[in-house]
Amino acid sequence: MAKASAQKKSVDAEENTRNPGAKDAIALLKADHKEVAAMFEEFLAGDLDDDAKDELAGKICQALSVHAQIEEEIFYPAAREAVSSDDEDLLDEAEVEHGSITDLVTAVEEHEDDALFDAQIKVMSEWVKHHVKEEETELFPKLLKTDMDMKELGAAMAARKEELMEEYDAASDDDEADEDAGDEKAADEEDEDEK
Ligand SMILES: [Fe+2]
Ligand SMILES: [Fe+2]
């Protein structure tokens, strides 16, 4: 057992020197899961002021949206091809769960109801935790027994992730510019009123 893991370590080390930073699909998804769990933990610890909460909620929503998208566009379709039809139930459930989480992400992004903001993040964290547990304990172990090429998928997902992160960053820069323009307009109107 110890020998096997020592062997695996040296293989990993070799891969890393050949292609530093490259992660296989499962490692990439697990790293995302860990990152978002840490953000939820920080939010729910309750030490943040309103601005910091807003900013962190934005990051959580972005991370979840990008993660769901790379799974839905690349990982789940490849998984569907690799598993037997019995195991497709797991993927159906995963997609339904993504739908519920995405609805909540949209509600938080739109800030429809500020009074429910904390509750929305709390519920989101619970749904994500449940979904991640199913992926990591049921889906991924099944997929590791198939012939899915996790290296190749990982590379495709990493590239798509980078692209999506850039798109989201550009969109949120636009939103901020719009907000600033809105603030300026409101200030101008106030000045007008004062005259
Ligand atoms: Fe995931
Ligand atoms: Fe997922």
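The rules behind these values
Residues numbered from 1 in each chain as written. Chains lettered and ligands numbered in written order. Predicted model: local features only at pLDDT ≥ 70, side-chain atom pairs only at ≥ 80, totals over all residues. Helix = DSSP H or I, 4+ residues; strand = E, 2+ residues; numbered from the N terminus. Core = buried A, V, L, I, M, F, W, Y, C linked by C-beta atoms within 7 Å. Buried ≥ 20, exposed ≤ 12 C-beta atoms within 10 Å, placed from the backbone. Contact = placed C-beta atoms within 7 Å. Expected span 1.5 Å × (residues − 1). Bend = angle between axes of the 7 residues up to and from the residue. pLDDT = per-residue confidence, 0-100.

**Student:** Residue-level account of the overall build of the protein chain, with values.
**Tutor:** When helices and strands are counted, the protein chain shows 6 helices and 0 strands. Secondary structure elements of the protein chain, listed N to C terminal, follow the sequence α-α-α-α-α-α.

**Student:** Go over the nonpolar core, please, and point to the residues and values.
**Tutor:** Counting residues in hydrophobic clusters, the biggest one holds 14 residues, and the most contacted among them are Ala57, Ile60, Cys61 and Leu64. Sort the elements by how many residues they give to this core and helix α3 (residues 50-82) lands first, with 5 residues. Apart from the residues lying within four places of it in its own chain, the contact partners of alanine 57 are Phe43, Val108 and Ile121. In this structure, Ile26, Leu29, Ala79 and Met150 belong to the second largest nonpolar core, which totals 13 residues.

**Student:** Could you give me a rundown of the environment of isoleucine 121, with the residues and numbers involved?
**Tutor:** Take isoleucine 121: it is sitting in helix α5 (residues 117-144). Spatially, the C-alpha atom of isoleucine 121 lies 7.6 Å from that of alanine 57, the residues being 64 residues apart in sequence. Those residues within four positions of isoleucine 121 in sequence are excluded, and the remaining contacts are Phe43, Ala57 and Val108.

**Student:** Now, about α5: what can you tell me, with residues and values included?
**Tutor:** Taking 1.5 Å as the rise per residue, α5 with 28 residues should run 40 Å; its terminal C-alpha atoms sit 38 Å apart, in good agreement. Approximately 35° is the largest bend angle found in α5, and it occurs at glutamate 135.

**Student:** I'd like a description of the confidence of the model for the protein chain, backed by residues and values.
**Tutor:** Overall, the predicted model of the protein chain reaches an average pLDDT of 86, with 80% of residues at or above 70. For the protein chain, helix α1 (residues 2-18) is the element with the lowest average pLDDT, namely 46, and helix α2 (residues 25-44) is the one with the highest, namely 98. Below pLDDT 50 for its whole length, residues 1-18 participates in 0 contacts with residues either more than four positions away or in separate chains.

**Student:** Report on the environment of lysine 59, specifying residues and quantitative values.
**Tutor:** Inspection of the secondary structure puts lysine 59 in helix α3. In this structure lysine 59 comes out as partly exposed when scored by C-beta crowding, with 16 C-beta atoms within 10 Å. Linking lysine 59 and methionine 39, residues 20 residues apart in sequence, is a C-alpha distance of 8.3 Å.

**Student:** Describe the environment of lysine 53, and please don't skip the residues or the numbers.
**Tutor:** Positionally, lysine 53 belongs in helix α3. C-alpha of lysine 53 to C-alpha of phenylalanine 43: the two residues are 10 residues apart in sequence and 6.5 Å apart in space. If sequence neighbours within four positions are ignored, lysine 53 has contacts with Phe43 and Leu48.

**Student:** Explain α3 to me, and be specific about the residues and the numbers.
**Tutor:** The terminal C-alpha atoms of α3 lie 45 Å apart, and with 33 residues this matches the ideal 48 Å at 1.5 Å per residue to within 8%. The sharpest bend along α3 reaches about 45° and sits at glutamate 72. Those residues of α3 that fall on the buried side of the exposure criterion are Ala57, Ile60, Cys61, Leu64, His67, Ala68, Ile70, Glu71, Phe75 and Ala79.

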